Amino acid sequence: MTEIFGVPTQALFGQLLIGLINGAFYAMLSLGLAVIFGLLNIINFTHGAQYMLGAFCAYFLLQLTGVGYWWSLVLAPIIVGAIGIVIERTMLVRLYKLDHLYGLLLTFGLALVLQGLFTNYYGSSGMPYRIPEELNGGFNLGFMFLPKYRAWVIGSSIVICLGTWFVIERTKLGSYLRAATENPSLVQAFGINVPRMITLTYGFGVALAAFAGVMAAPIYQVNPQMGANLIIVVFAVVVIGGMGSILGAIITGFGLGVIEGLTKVFYPEASNTVIFVIMVIVLLIKPAGLFGKER
Amino acid sequence: MATTAAPPAAAAAAGEVIGAAGDTRTFAIATLAMALAFAVAPHVGVYPVFLMKALCFALFACAFNLLIGFGGLLSFGHAMFLGVAGYASAYSAKNWGFPPELAILFATAVAALLGLVSGALAIRRQGIYFAMITLALAQMVYFFCLQAPAITGGEDGIQSVPRGRLFGVLDLSSTLALYYVVLVIFLTAFVLIYRIIYSPFGNVLKAIRENEPRAISLGYDAERYKLLAFVLSATLSGLAGATKAIVFQLASLTDVHWSMSGEVVLMTLLGGMGTIFGPVVGAFVIIGLENYLSGFGQWVTVITGAIFVVCVLAFRRGVVGEIGAWWARRKGRLGGRS
């Protein structure tokens with residue numbers, strides 16, 4: 001068997017693949033957080049719970065109505081995004097004039113409510129969700145076996161991330177959004193409906209989390225606690241990348257996923273903490289984050 | 001940050017009523033009344049173990065309040081100080097045979113050191129990032145505790161910690177004796193926190209909270225003040241954790257978990273951020289609630305979350321803050337009439 005640095009290549013590439021998968025989820029979730037923070041000035045602690053909701057939504061759609069994976073990929077983000085819009089309209093809207101710590105506290109409370117409710121009814125063990133027919137099996141790349149579904153997750157998440165980047169950085173709608181992030185009252189004075197834009201932005205960020213949740217369902221199983229620990233890692237990812245740049249969030253997400261995967265190969269004991277250690281190092285060297293601007 | 005940090009502005013107004021700088025007498029009377037009530041409580045049928053648990057958490061919440069209420073810094077990782085100090089006191093008492101007073105002191109020092117390191121890192125960023133960094137650091141500490149079973153006992157924790165004899169004289173295996181020791185620890189720390197808040201240091205801290213650039217332009221080294229506040233808060237949280245470990249003869253992962261960090265935020269928010277007595281009230285309500293609902297499993301989480309939401313939306317001053325504001329309004333009305 002071939003080895004690299006004394007590690008069998010099979011294990012190395014296997015962990016690299018898992019790292020890329022995790023990185024795809026870090027990227028999608030931190031992207032949503034960054035978009036929401038940019039316009040609402042709120043750190044959405046419910047993000048992990050909304051990711052979990054997306055997975056549950058796919059599960060219910062399949063169990064109750066027989067709607068399969070592909071339609072879930074469209075429907076779950078819309079449904080969960082709509083729930084997000086209701087949350088924004090009824091609760092978050094009251095907090096914009098206050099210190100943004102309150103936004104964090106409110107969304108933390110909501111996350112507890114959602115996770116508690118689902119744990120009550122579905123326990124803390126996961127429920128399996130089958131990989132869709134079309135993506136069963138895999139490719140033999142010679143040096144490793146690449147399951148089709150994993151390839152699909154990595155590929156489509158890159159497309160989604162780049163699509164989001166394109167909309168925000170290269171379209172007219174995106175330019176409104178960036179302008180409103182800089183100076184909402186001025187943009188409103190130009191006749192653009194900023195409150196509605198804020199609502200839709202929150203809905204979009206939440207839908208992104210739900211989309212990630214549906215993608216995660218066949219890999220990690222559907223579990224009420226699936227978002228709880230993930231969101232803390234994503235926070236560290238956001239601190240490392242800085243929330244100033246969309247591309248930065250994507251690169252940081254994938255990069256950290258890969259580093260985490262490699263740590264599992266070379267020093268498994270540290271694989272849970274490596275991202276936090278990197279956060280500490282980045283804070284010491286460049287406190288604003290790798291892609292952040294000092295303000 | 002362009003926005004000024006003024007989360008407890010409303011609460012601060014209430015704080016003026018309950019123990020403003022010149023109003024030490026009101027504070028002394030209220031504290032004496034509280035001490036008396038606690039001293040009598042176990043003799044009128046209140047379960048002392050419950051009281052000890054609530055007092056430990058009240059101290060924890062007061063220490064946390066020192067940071068959020070008067071420094072304007074929201075830490076989302078305070079469980080690390082509670083939990084690590086718990087491990088340190090349990091480990092030193094059990095494996096090194098430390099007497100309880102030494103174990104608690106040692107653990108408090110460990111928490112202070114951890115506070116110094118994590119605080120120095122966290123104050124490099126402000127506002128929302130500060131909260132995220134403290135949360136991430138606490139999660140790192142959690143994983144460390146989980147993966148170092150040689151020290152922490154992993155999933156089992158450190159069990160059957162000896163309570164020992166205080167100063168070699170007082171046998172703490174008597175629950176009532178232990179209760180009064182915990183009460184003395186709590187009251188001492190409580191008065192100390194009051195002294196800190198109304199010291200020149202506390203006033204500078206409040207100035208930094210209200211307007212950091214201005215405080216800096218007046219020549220105050222804001223970072224140093226924030227760091228000192230963080231270390232003080234961590235130290236007192238550690239004292240709470242160390243005492244708790246001796247009381248329950250147990251140090252476990254629960255105390256390092258992020259949900260514990262959330263719980264102390266909730267206690268402070270519910271009781272009233274930036275008020276002196278608020279965290280004590282909040283801690284008793286939450287611990288009482290958990291005791292009462294302990295048979296309902298995950299519903300506790302749901303209710304805890306719901307209280308969070310209600311507090312943020314409708315009740316930002318907390319219980320004590322609301323009472324203070326009501327009192328101030330009433331006084332204002334009376335003052336207008338005379």
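Residue indices begin from 1 for each chain and proceed along its sequence in written order. Following the order in which they are written, the chains are lettered starting with A and the ligands numbered starting with 1. Two thresholds apply to this predicted model, a pLDDT of at least 70 for residue-level local features and 80 or more for giving and counting side-chain atom pairs, whereas whole-chain, interface and lining totals are computed over all residues.

What follows concerns the overall build of chain B. Working definition: helices are DSSP H or I runs of at least four residues, strands are E runs of at least two. Numbering for both runs from the N terminus. Helix and strand counts for chain B stand at 15 helices and 2 strands. Computed over the C-alpha atoms, the radius of gyration of chain B is 20 Å, within 12% of the 20 Å expected from 2.2 N^0.38 for a compact globule of 338 residues. By its C-alpha atoms, chain B is 60 × 50 × 40 Å across when sized along the principal axes. Put simply, a residue is buried when 20 or more other C-beta atoms lie within 10 Å of its own C-beta and exposed when 12 or fewer do; between those, it is partly exposed, and each C-beta is set from the backbone. Among the 338 residues that make up chain B, the fraction classed as buried is 51%. The long-range fraction of contacts in chain B, counting pairs at least 24 apart against all pairs at least 6 apart in sequence, stands at 79%. Just to be clear, the radius of gyration here is over C-alpha atoms, and the globule rule we use is 2.2 Å times residues to the power 0.38. Once C-beta atoms are placed from the backbone, any two residues with those atoms within 7 Å are in contact.

Turning next to the overall build of chain A. What chain A contains, in helices and strands, is 11 helices and 4 strands. Computed over C-alpha atoms, the radius of gyration of chain A comes to 19 Å, within 12% of the 19 Å expected from 2.2 N^0.38 for 295 residues, which places it in the range of a compact globule. For chain A, the spread of C-alpha atoms along the principal axes amounts to about 65 × 50 × 35 Å. Within the span of chain A, comprising 295 residues, buried residues form 48% of the whole. The long-range share in chain A, meaning contacts at least 24 apart out of those at least 6 apart in sequence, stands at 76%.

Here we take up the packing of helix α6 (residues 172-182) of chain A against helix α8 (residues 194-220) of chain A. Residues and elements named next belong to chain A. All axes here are fitted lines through C-alpha atoms, helices being fitted over the stretch that makes contact, and every angle between N-to-C directions spans 0 to 180 degrees. Between α6 and α8, the shortest axis-to-axis distance is 11 Å and the interhelical angle comes to 105 degrees. Relative to α8, the element α6 lies roughly perpendicular. On the side of α6, the interface is formed by Tyr 176, Leu 177 and Ala 180, while α8 contributes Val 194, Met 197 and Thr 201. When its residues are assigned to classes, the contact of α6 with α8 shows 5 nonpolar, 1 polar and no charged. Convention used here: angles under 35 degrees read as roughly parallel, angles over 145 as roughly antiparallel, angles from 65 to 115 as roughly perpendicular, and any remaining angle as oblique. Each residue gets one of three labels, nonpolar for Ala, Val, Leu, Ile, Met, Phe, Trp, Tyr, Cys and Pro, charged for Asp, Glu, Lys and Arg, and polar for the others, Gly among them.

Here we come to the confidence of the model for chain B. The quantity called pLDDT is the predictor's confidence in a given residue, expressed from 0 to 100. Averaged over chain B, the pLDDT score is 86; the fraction of residues at 70 or greater is 92%. Contacts for the low-pLDDT stretch residues 1-22 of chain B, under 50 throughout, to residues beyond four places or in other chains number 56 contacts.

Residue and element names in this part refer to chain B. At their nearest, the axes of helix α5 (residues 100-122) and helix α11 (residues 222-248) sit 7 Å apart, and the two run at 145 degrees to each other. The hand of the α5/α11 crossing is right-handed. Considering only residue class, the contact of α5 with α11 consists of 17 nonpolar, 8 polar and no charged. Note on convention: near helix rotated counterclockwise from far helix by under a right angle means a left-handed crossing. Clockwise means right-handed.

Before going further, it helps to spend a moment on the interface of chain A and chain B. Across the contact, 34 residues belong to chain A and 38 residues belong to chain B. Sorting the residues of the side of chain A that touches chain B by element identifies α4 (101-122), α9 (228-241) and α11 (274-285) of chain A as the ones contributing at least two each. Tallied by class, the residues present in the side of chain A that touches chain B amount to 22 nonpolar, 8 polar and 4 charged.

Residues A:Ala210, A:Ala236, A:Met279, B:Leu59, B:Val84, B:Met132 and B:Ala136 are the most contacted members of the largest nonpolar core, which totals 195 residues. Broken down by element, the residue count for this core peaks at 17 residues, all from helix α3 (residues 48-71) of chain B. The residues contacting B:Leu59, other than those within four sequence positions of it, are B:Phe186, B:Ala189, B:Leu236, B:Leu239 and B:Ala240. For this analysis, nonpolar core means a set of buried Ala, Val, Leu, Ile, Met, Phe, Trp, Tyr and Cys residues linked through C-beta atoms within 7 Å.

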